[in-house]
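# Fold and contact review
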Amino acid sequence: DVKVTQSSRYLVKRTGEKVFLECVQDMDHENMFWYRQDPGLGLRLIYFSYDVKMKEKGDIPEGYSVSREKKERFSLILESASTNQTSMYLCASKWGSNTEAFFGQGTRLTVV
Amino acid sequence: AQKITQTQPGMFVQEKEAVTLDCTYDTSDPSYGLFWYKQPSSGEMIFLIYQGSYDQQNATEGRYSLNFQKARKSANLVISASQLGDSAMYFCAMREDSSYKLIFGSGTRLLVRP
């Protein structure tokens, strides 16, 4: 079974902190994605990566950056957390164009 | 620009009846894929069904079928014989083959009544 693991299920951080959300997949998938999920807005794409060290902005990249130094790991970084970044964050990975994406369990981040 | 629209924030259906969840999309890429996911209250994302833009037949997976109307740019999910366990959020998603971007709609919350 494909496994996508996010490092934390729940996080509480203070405004202005630098926050790292980690995602690891075990199936050698090329593509990895970070989304945030908010009620009524669905899943919005923050950043994605199609190969090691390659990254592209999604629809809402402001306030975020990413790192992909190894194929299995894709990190989302909040440079200076703000309260409007309180959300559920979902990581996903997939291989190829017509296969489904596999999701992690999500990280519920609260910024206070 | 790549876009997915789900216009039904919430829907009810009676147990054992069929229900259609709407999804429209916009893309200029002739080659793309469409996906449906289910998210129960537990939060996990469960893949349901896939349709490629060049597929001639509508995709089916058990009780799920995808009503693909390419000219209208719609990819509606049909759930037949609804069950209580079908109560969940449902998301439509699209990937253009010219990019690696996978985007989702805003979702539809389905509640199945006994």
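Just above, that's the structure.
Reference entry: report on the structure contained in this document. (Residues numbered from 1 in each chain as written. Chains lettered and ligands numbered in written order. Predicted model: local features only at pLDDT ≥ 70, side-chain atom pairs only at ≥ 80, totals over all residues. Heavy atoms only, no water.)

### Here we look at the side chain of Asn 76 of chain B
All names here are of chain B. Within the secondary structure, Asn 76 is located in strand S9 (residues 74–79). Side-chain polar atoms of Asn 76 contact the backbone nitrogen of Cys 23, separated by 2.9 Å. Once you skip the residues sitting within four places of it in the chain, Asn 76 turns out to touch Thr 20, Leu 21, Asp 22, Cys 23, Trp 36, Ser 65, Leu 66 and Asn 67. (Helix = DSSP H or I, 4+ residues; strand = E, 2+ residues; numbered from the N terminus. Polar contact = N/O pair within 3.5 Å; in protein donor to acceptor, adjacent residues only side chain to side chain. Contact = heavy atoms within 4.5 Å.)

### Looking at the environment of Thr 60 of chain B
Within the secondary structure layout, Thr 60 of chain B lies in strand S7 (residues 60–61). Discounting chain neighbours no more than four positions away, the residues touching Thr 60 of chain B are Ile 49 and Ser 65 of chain B.

### Remarks on the nonpolar core
Most often, soluble globular proteins have nonpolar side chains that are buried together. Membership of the largest hydrophobic core comes to 44 residues, with the highest contact counts inside it found for Tyr 35 and Phe 103 of chain A together with Trp 36, Leu 77, Tyr 90, Phe 104 and Leu 110 of chain B. Counting residues per element, this core draws most heavily on strand S10 (residues 88–96) of chain B, at 7 residues. In terms of nonpolar packing, the next biggest core, distinct from the first, is built from 20 residues, Trp 34, Ile 60, Tyr 89 and Val 111 of chain A among them. (Core = buried A, V, L, I, M, F, W, Y, C linked by side-chain atoms within 4.5 Å. Buried < 20%, exposed > 50% of the residue type's maximum accessible area, 1.4 Å probe, protein only.)

### Comments concerning the interface of chain B and chain A
How big an interface is tends to be stated in terms of the accessible area lost upon association of its parts. Contacts between the two partners involve 17 residues from chain B and, on the opposite side, 22 residues from chain A. When chain B packs against chain A, the two sides together hide about 1,700 Å² of surface, and 62% of this comes from carbon and sulfur. By the criterion of area lost to chain A, the three top residues of chain B are Tyr 100, Lys 101 and Leu 102 of chain B, representing 32% of everything that side buries. Put simply, chain B and chain A have 1 salt bridge between them. Here Asp 59 of chain A and Lys 101 of chain B are joined by a salt bridge, their closest N and O atoms 2.9 Å apart. Inspection of the region where chain B meets chain A yields 4 residue pairs in polar contact (both at pLDDT 80 or more). Taken together, the residues of the side of chain B that touches chain A break down into 10 nonpolar, 4 polar and 3 charged. (Buried area = accessible area lost by both parts, 1.4 Å probe. Salt bridge = Lys/Arg side-chain N within 4 Å of Asp/Glu carboxyl O. Nonpolar A, V, L, I, M, F, W, Y, C, P; charged D, E, K, R; others polar.)

### Some thoughts on the sheet that holds strand S7 (residues 64–70) of chain A
All names here are of chain A. The 4 strands are arranged S1-S3-S8-S7 in an open sheet whose pairing can be described as antiparallel. With partners counted over all chains shown, the strands left at the sheet margins are strand S1 (4–6) and S7, one partner each. The mean inter-strand angle of the sheet, taken between neighbouring strand axes irrespective of direction, is 20°. Sheet topology places strand S3 (residues 19–25) next to strand S8 (residues 73–78); 6 bridges connect them, and they run antiparallel. Each bridged residue has a counterpart across the sheet, and for Glu 22 the counterpart in S8 is Ser 75. (Pairing = 2+ DSSP bridges. Axes fitted to C-alpha atoms, helices over the stretch in contact; angles between N-to-C directions.)

### A look at the packing of aromatic side chains
Under the criterion given, the structure shown has 13 aromatic pairs over all chains. A centroid spacing of 4.9 Å and a plane angle of 50° characterise the contact between Phe 35 of chain B and Tyr 50 of chain B, whose relative ring orientation is tilted. Linking Phe 35 of chain B in strand S5 (residues 32–39) with Tyr 50 of chain B in strand S6 (residues 46–52), this pair joins segments that are 15 residues apart in sequence. An aromatic cluster of at least three residues, connected via ring pairs, comprises Phe 33, Tyr 35, Phe 48 and Phe 103 of chain A together with Phe 35, Tyr 37, Phe 47, Tyr 50 and Phe 104 of chain B. The aromatic ring of Tyr 64 of chain B is capped on one face by Arg 63 of chain B, whose charged end is 5.7 Å from the ring centroid. Taking the ring centre of Phe 12 of chain B as reference, the NZ or CZ of Arg 113 of chain B above it sits at 4.0 Å. (Phe/Tyr/Trp six-rings, centres within 6.5 Å; stacked < 30°, edge-to-face > 60°. Lys NZ or Arg CZ within 6 Å of the ring centre and 35° of its normal.)

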